[in-house]
Amino acid sequence: MNHGLGDILSRARSVAMTPVWLGQLLTSAKSFGDNPILGSRRLNELGLHAGRVALAHRLAAWRRSRVAHLVSPEDRADFARDGFVIKHDVMPAAAFEALVAQVKAYRGIARETIQGDALTRRIALDHAVLDRVPALHVLRDLPAWRGLVRYVGSANAEPIVYLQTILSHVVEGADPDPQLALHADTFHPSIKAWLFLTDVPEDDGPFVYVPGSHRLTEQRLAWERRMSIDIHDQDRL
């Protein structure tokens, strides 16, 4: 009886959720496990996931073209070639020194997450934090920052910004930090940007990016399709 009731409830849930799952096809939803339509082997064999990837890249390129005037031709060329743009000494020296001093002196509420043996600590930059770290306003108002974030992210919108600290090898006996494995965060173009307040030596876990891996080549699209078909044999992350 309970088994039969469970089947009925499961079917009822599927019926109720189907419009939601279908609607998520037009969003950034990416979980094959949480959405059975996204995770359908049959549909992905027919090209569902690969089609979403291709469409997302075309839309990002179109949106990016609308804000191309915000960045220099050199930055556009660097991004087109590598998928990233590096800026040295992006802030005036005095403003940067003030920022470092204010960040080091700041004490406030932070959120922490642990993955493997690494701890990531983040402080969201709300108005209260900005009032106590006023040098951050200099960074946020820099044309180089504002323009690049919008261009690479293909969205004329304010980014979400944090003060972030990553502590490596702090959880004894844990597996290595999974973030150290080369990976893609999602299926659509996205952006992350860092202003490093200190130098990061090679043995301290610097950020690593594969130049050119942002381009949707035929080989990349074929890989996306293979992964979507065999996704249930992969690690959930």
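Residues numbered from 1 in each chain as written. Predicted model: local features only at pLDDT ≥ 70, side-chain atom pairs only at ≥ 80, totals over all residues. Heavy atoms only, no water.

Notes on the overall build of the protein
The helix and strand inventory of the protein stands at nine helices and three strands. The principal-axis extents of the C-alpha atoms in the protein amount to approximately 70 × 45 × 35 Å. Counting across all 237 residues of the protein, residues that qualify as buried make up 27%. Of the contacts formed within the protein by residues at least 6 apart in sequence, a portion of 71% connects residues at least 24 apart. Just so you have it, the protein exposes about 16300 Å², and 57% of that area is on carbon and sulfur atoms. Between the averaged position of the 28 positive side-chain charges in the protein and that of its 28 negative side-chain charges there is a distance of 9 Å. (Helix = DSSP H or I, 4+ residues; strand = E, 2+ residues; numbered from the N terminus. Buried < 20%, exposed > 50% of the residue type's maximum accessible area, 1.4 Å probe, protein only. Contact = heavy atoms within 4.5 Å. Areas by Shrake-Rupley, 256 points an atom, 1.4 Å probe, with all protein chains shown as cover. Lys, Arg positive; Asp, Glu negative; His and termini not counted. Charge placed at Lys NZ, Arg CZ, Asp CG, Glu CD.)

Notes on the confidence of the model for the protein
For the protein, the average pLDDT comes to 90, and 94% of its residues sit at 70 or higher. Predicted confidence in the protein is weakest over helix α1 (residues 2–23), with a mean pLDDT of 76, and strongest over helix α4 (residues 73–82), with 97. (pLDDT = per-residue confidence, 0-100.)

Focus: the packing of aromatic side chains
Two aromatic rings are characterised by how far apart their centres lie and by the angle between their planes. Here the structure, examined in full by the defined rule, presents three aromatic pairs. For the ring pair Phe-79 and Tyr-151, a centre distance of 6.0 Å and an interplane angle of 75° mean the geometry is edge-to-face. Linking Phe-79 in helix α4 with Tyr-151 in helix α8 (residues 143–153), this pair joins segments that are 72 residues apart in sequence. Look at Phe-79 and you get buried, because its relative accessible area is 9%. Taking the centre distance of 5.5 Å and the plane angle of 80° together, the rings of Phe-84 and Tyr-209 count as edge-to-face. On the criterion of sequence distance, the pair formed by Phe-84 in the loop between α4 and α5 (93–105) and Tyr-209 in the loop between β3 (162–167) and α9 (218–229) is long-range, its members being 125 residues apart. By relative accessible area, which is 26% here, Phe-84 ends up partly exposed. Against the face of Tyr-162 rests Arg-122, its NZ or CZ located 5.3 Å from the ring centre. (Phe/Tyr/Trp six-rings, centres within 6.5 Å; stacked < 30°, edge-to-face > 60°. Lys NZ or Arg CZ within 6 Å of the ring centre and 35° of its normal.)

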